[in-house]
Amino acid sequence: MFLGIDLGTSGLKATLIDDRQQVLGTQSVALQVSRPQPGWSEQSPADWIAAAEAALGALARDHDLGRLAGIGLSGQMHGAVALDAAGEVLRPAILWNDGRAAAEAAELDALPGVRALSGNIVFAGFTAPKLLWMARHEPAVFARVACVLLPKDYLRLWLTGERVSDMSDASGTSWLDVGAREWSDRLLDASGMSRAQMPALVEGSAPSGRLRPALARQWGIRGPVVVAGGAGDNAATAIGAGTIAEGQGFVSLGTSGVVFAASDRFLPAPETAIHAFCHALPGRWHQMGVILSAAAALEWLAGVLGEPPARLTEGLGALKPPGSPLFLPYLSGERTPHNDPRARGLLAGITPGTDRDALTRAVLEGVAFALADSLTALRAAGARPEALLALGGGARSDYWLRVIAATLDLPVLVPAGGEHGAAHGAARLGMMAATGAGPAEICTAPPIAARILPDVALRPAFAEALARFRALYPASRG
């Protein structure tokens, strides 16, 4: 029996699987985000612990956890949990979608050698600029920082007492030499940090510690439990979906949007604004283009119109050629390809005839066009996905998947029902750490329920609309 815990931004999910990877039970607990100033995004780490206790307590009430052998962790990346020498949290965690450190990120990014070592642009949401911001704006807090943990690794500290991170999550800090898979003293020094303030590093499928006996007793666990290194949310999703080898990829329609490509090589191309990170398995890497608003854009429209997102998409009918209006989905800034935390959303071409369905199609198309920009950047960096597995809540919309297939001009694969997300991937990592089983045995791809091919007849219309979409951003700047 194995457990995966995924600490997301809007909630924590725990998934329990058996030795055959069949899901025995899941529990989810909602989380809230605090926005004390425009562009800021914070959470209290104590809320993460409370959510984990609630989820695991519920699983323990519904299932006998006595044979639990391994736990894997996944979570939102880039967040900064600052601890003092006693292990106490110094301030609320600054999250991945917080833009306050844009100036510090640009400063670090301009330093010679930073991109070459980290393999990535220093984005405003990454961890290193947050600490540089803290040094300048909260110097008394910064002076007491003895350790910085990523969000899921704070859960690990509670579970095991160990200060450890994994390669995939650490890749998004701007402190890791991603090619060498180790902390870089040069990158740390650039933001006033040292190796002594960093957690130990392990591979995602390797043991990182054991569950504390007090927690094991609390949940009725009889034997020792290995806690795996785990992974950042997208790498864990890839483990859950079996996306681990060259040529495999997925498109994720969660709060943010991701085009992910697995690789057997480290292929950095920071000038394209893609992420080149370690995968959750030894000797493997991945590339991904990230847009900050995917399902979040549809949820925004649903909130404006006062309808559930699913109701907006369910009556759209057959796929239509893109028309007017056009939508830029940069509601919270954008990463790939623009690296612009100050970018904002835009609806262009509204007419008296623009109705609810036209607005919905515009939002779905705008997100797909932004994902096409990510795919173009990935291809420029050497990625060659042959098809994309559709994941995330937005993938429940058949219309949206047809739009994405037409826009990206790639087959979109719809997995059969079941768990394929980050919590399931974390459970798989827990299984590998506890049993020593290898990726080929554990990280299998799901059966495919449908294969959505690009609509050849609409290819010219989508290509023309994508060109108009790409002209909007430079025209809207400032």
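Residues numbered from 1 in each chain as written. Predicted model: local features only at pLDDT ≥ 70, side-chain atom pairs only at ≥ 80, totals over all residues. Heavy atoms only, no water.

Engineer: An account of the overall build of the protein is needed here, citing residue identities and associated values.
Structural biologist: Counting its secondary structure elements, the protein contains 17 helices and 24 strands. A globule of 478 residues ought to have a C-alpha radius of gyration of about 23 Å, and the protein, at 21 Å, matches this closely. The dimensions of the protein, computed from C-alpha atoms along their principal axes, are 65 × 50 × 40 Å. Taken across its 478 residues, the protein has 61% of its residues classed as buried. For the protein, contacts bridging at least 24 residues in sequence account for 73% of all contacts bridging at least 6. Of the roughly 17,300 Å² that the protein leaves accessible, carbon and sulfur atoms contribute 53%. (Helix = DSSP H or I, 4+ residues; strand = E, 2+ residues; numbered from the N terminus. Rg over C-alpha atoms; globule rule 2.2 N^0.38 Å. Buried < 20%, exposed > 50% of the residue type's maximum accessible area, 1.4 Å probe, protein only. Contact = heavy atoms within 4.5 Å. Areas by Shrake-Rupley, 256 points an atom, 1.4 Å probe, with all protein chains shown as cover.)

Engineer: Describe the sheet that holds strand S19 (residues 285-291), and please don't skip the residues or the numbers.
Structural biologist: The strand order across the open sheet formed by seven strands is S18-S19-S17-S16-S22-S23-S24, and the pairing between neighbours is mixed. Each edge of the open sheet is held by one strand with a lone partner, namely strand S18 (275-278) and strand S24 (448-452). The sheet shows a mean angle of 25° between the axes of neighbouring strands, taken without regard to direction. Pairing of strand S17 (residues 257-263) with S19, which is carried by seven bridges, proceeds in the antiparallel orientation. Residue pairing across strands places Phe-260 opposite Met-288, the latter belonging to S19. Contacts from helix H10 (residues 233-241) reach strand S16 (249-253), S17, S19 and strand S22 (388-391), with the element oriented near 65° to S17. (Pairing = 2+ DSSP bridges. Axes fitted to C-alpha atoms, helices over the stretch in contact; angles between N-to-C directions.)

Engineer: Outline the pattern of salt bridges, listing residues and values.
Structural biologist: Applying the stated criterion to the full structure yields 23 salt bridges. Across the salt bridge formed by Glu-138 and Arg-91, the nearest N and O atoms sit 2.7 Å from each other. You can see Glu-138 sitting in the loop between helix H4 (127-137) and helix H5 (139-142) and its partner Arg-91 sitting in the loop between strand S6 (81-83) and strand S7 (93-94), a full 47 residues away along the chain. Three or more residues joined by partner-sharing salt bridges are found here, namely Glu-42, Arg-91, Asp-98, Arg-100 and Glu-138. (Salt bridge = Lys/Arg side-chain N within 4 Å of Asp/Glu carboxyl O.)

Engineer: Run through the packing of helix H2 (residues 102-109) against H4, naming residues and quoting values.
Structural biologist: One way to put it is that H2 packs onto H4 with a least axis distance of 8 Å and a crossing angle of 115°. Taken as a pair, H2 and H4 cross one another with a handedness that is right-handed. Contacts between H2 and H4 involve Glu-104, Ala-105, Glu-107 and Leu-108 from the former and Ala-128, Pro-129, Leu-132, Trp-133, Arg-136 and His-137 from the latter. (Left-handed = near helix turned anticlockwise from the far one by under 90°.)

Engineer: Can you explain the pairing of S17? Please cite residues and give values.
Structural biologist: Within a regular strand, side chains alternate between the sheet's two faces. For S17, the buried fraction is high: seven of the seven residues fall into the buried class. Bridge analysis of S16 against S17 gives five bridges, and the strand direction is antiparallel. What sits directly across from Ser-252, in S17, is Val-258. Connecting the antiparallel pair S16 and S17 is a turn made up of three residues.

Engineer: Tell me about unusual backbone geometry, and name the residues and values.
Structural biologist: Of note, the amide linkage connecting Ser-324 to Pro-325 takes the cis form, showing an omega dihedral of 5°. Counting through the fold element by element, Pro-325 comes out in the loop between helix H12 (309-314) and strand S20 (326-328). With omega at 0°, the peptide bond leading from Thr-336 into Pro-337 counts as cis. The topology assignment puts Pro-337 in the loop between S20 and strand S21 (346-348). Although it is not a glycine, Gln-21 adopts a positive phi angle of roughly 70°. Backbone geometry at Arg-181 places phi at a positive 60°, although glycine is not the residue there. With respect to the element layout, Arg-181 can be found in the loop between strand S10 (176-177) and strand S11 (182-183).

Engineer: Which residues make up the side chain of Asp-169, and what are the values?
Structural biologist: Tracing the backbone through its elements, the reader meets Asp-169 in helix H7 (residues 167-170). A distance of 3.0 Å separates a polar atom in the side chain of Asp-169 from a polar atom in the side chain of Lys-152. Apart from residues lying up to four places away in sequence, Asp-169 is in contact with Gln-76, Met-77, His-78, Leu-150, Lys-152, Asp-153 and Gly-232. (Polar contact = N/O pair within 3.5 Å; in protein donor to acceptor, adjacent residues only side chain to side chain.)

Engineer: Residues and numbers for the packing of aromatic side chains, please.
Structural biologist: Aromatic ring pairs are described here by two measures, namely the spacing of the ring centres and the angle between the planes. Considering all chains together, one arrives at 11 aromatic pairs under this definition. Clustering of aromatic rings is evident, with ring pairs tying together Tyr-330, Phe-369, Phe-469 and Tyr-473. (Phe/Tyr/Trp six-rings, centres within 6.5 Å; stacked < 30°, edge-to-face > 60°.)

Engineer: I'd like a rundown of helix H6 (residues 151-160), residues and numbers included.
Structural biologist: Taking burial as the measure, the 10 residues of H6 include 10 buried ones, the bulk of the element. Among the residues of H6, those classed as buried are Pro-151, Lys-152, Asp-153, Tyr-154, Leu-155, Arg-156, Leu-157, Trp-158, Leu-159 and Thr-160. Two residues or fewer past H6, Gly-161 is found with a positive phi of approximately 85°.

Engineer: Go over a nonpolar patch on the surface, please, and point to the residues and values.
Structural biologist: Residues Trp-300, Val-304 and Leu-305 make up a contiguous nonpolar surface patch of about 260 Å² in total accessible area. By secondary structure assignment, the location of Leu-305 is in helix H11 (residues 295-305). (Patch = residues over 30% accessible without salt bridge, like charges linked within 9 Å, V, L, I, M, F, W, Y side chains within 5 Å.)

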